[in-house]
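This is what each chain is made of:
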Amino acid sequence: MNCKISHFMQDLNSLNLQELEKWFTDETVIWIPPAKEISGKTRVLALFRAIFRRYEKIEWNVSEIFNLGNNKYFYLTDSLGNLSGRDPYTNQICTLIQFSESGKILYLSDYFKDTEAFS
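Let me begin by describing the structure that accompanies this report.

A few words on the pairing of strand 3 (residues 55-69). The pairing of strand 3 with strand 4 (residues 72-83) spans 12 bridges and is classified as antiparallel. When the bridges of strand 4 are listed, Glu64 appears paired with Leu76. Taking the residues that link successive antiparallel strands as the turn, the strand 3-strand 4 hairpin has two residues, and the phi of Asn70 there is positive, at about 55 degrees.

A few words on the sheet that holds strand 1 (residues 29-31). One open sheet accounts for six strands, arranged 2-1-6-5-4-3; its pairing is mixed. On the outer flanks of this sheet lie strand 2 (38-39) and strand 3, each paired with one strand and no other. Across the face of the sheet, helix 3 (residues 41-54) comes into contact with strand 1, strand 2, strand 3 and strand 4 while running at roughly 130 degrees to strand 3.

A word on the nonpolar core. Counting residues in each nonpolar core, the largest one holds 27 residues, and the members touching the most others are Phe8, Leu20, Phe24, Phe48, Ile97 and Ile105. The contact partners of Ile97, leaving out residues within four places of it in the chain, are Ile5, Phe8, Asn71, Lys72, Tyr73, Tyr75, Ile105, Tyr107 and Leu108.

This brings us to helix 3. With 14 residues, helix 3 should cover 20 Å at 1.5 Å per step; its first-to-last C-alpha distance of 20 Å lies within 8% of that length. Within helix 3 the residues assigned to the buried category are Val44, Leu45, Phe48 and Phe52. For helix 3, the arc enclosing every buried residue in end-on projection is 95 degrees, short of the 170-degree limit, so these residues lie on one face. Along helix 3, the residues that are exposed and aim more than 90 degrees away from the buried face are Thr42 and Arg53.

Another point: the pattern of salt bridges. Considering all chains together, one arrives at four salt bridges under this definition. Between Glu19 and Lys22 there is a salt bridge, with its nearest N and O atoms 3.3 Å apart. For Lys41, the salt bridge identified is with Glu21, shortest N-O distance 3.9 Å. Here Glu21 lies in helix 2 (residues 17-21) and Lys41 lies in helix 3, a separation of 20 residues in the sequence. With a relative accessible area of 24%, Lys41 lands in the partly exposed category.

Conventions we followed
- Residues numbered from 1 in each chain as written.
- Predicted model: local features only at pLDDT ≥ 70, side-chain atom pairs only at ≥ 80, totals over all residues.
- Heavy atoms only, no water.
- Pairing = 2+ DSSP bridges.
- Helix = DSSP H or I, 4+ residues; strand = E, 2+ residues; numbered from the N terminus.
- Contact = heavy atoms within 4.5 Å.
- Axes fitted to C-alpha atoms, helices over the stretch in contact; angles between N-to-C directions.
- Core = buried A, V, L, I, M, F, W, Y, C linked by side-chain atoms within 4.5 Å.
- Buried < 20%, exposed > 50% of the residue type's maximum accessible area, 1.4 Å probe, protein only.
- Expected span 1.5 Å × (residues − 1).
- Arc of directions from axis to C-beta.
- Salt bridge = Lys/Arg side-chain N within 4 Å of Asp/Glu carboxyl O.

As structure tokens, then:
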């Protein structure tokens, strides 16, 4: 399943919503605090579209993946980029993710080490 995370992150780094679409279903839930949870493929893709628009450049690099069992994983990512008109930043992210038996994302939640770049 580590390759599922690697493939998902490769598609995320493409910044191509058509590549990302295959990962989500109408049951997918995404939670990126402090925002509220959102669910459903359409809303999840709208969230990523909005995120991509805010950045001049963004890239994610996974450093470690931990198997929690039952198709659940915890992984560490370094995020590099810059919001439009702002200085470049780096940030560390912890992500919880759960896949369905068919390999779709059921749940994903990110936790950022530093949120100052978004203020």
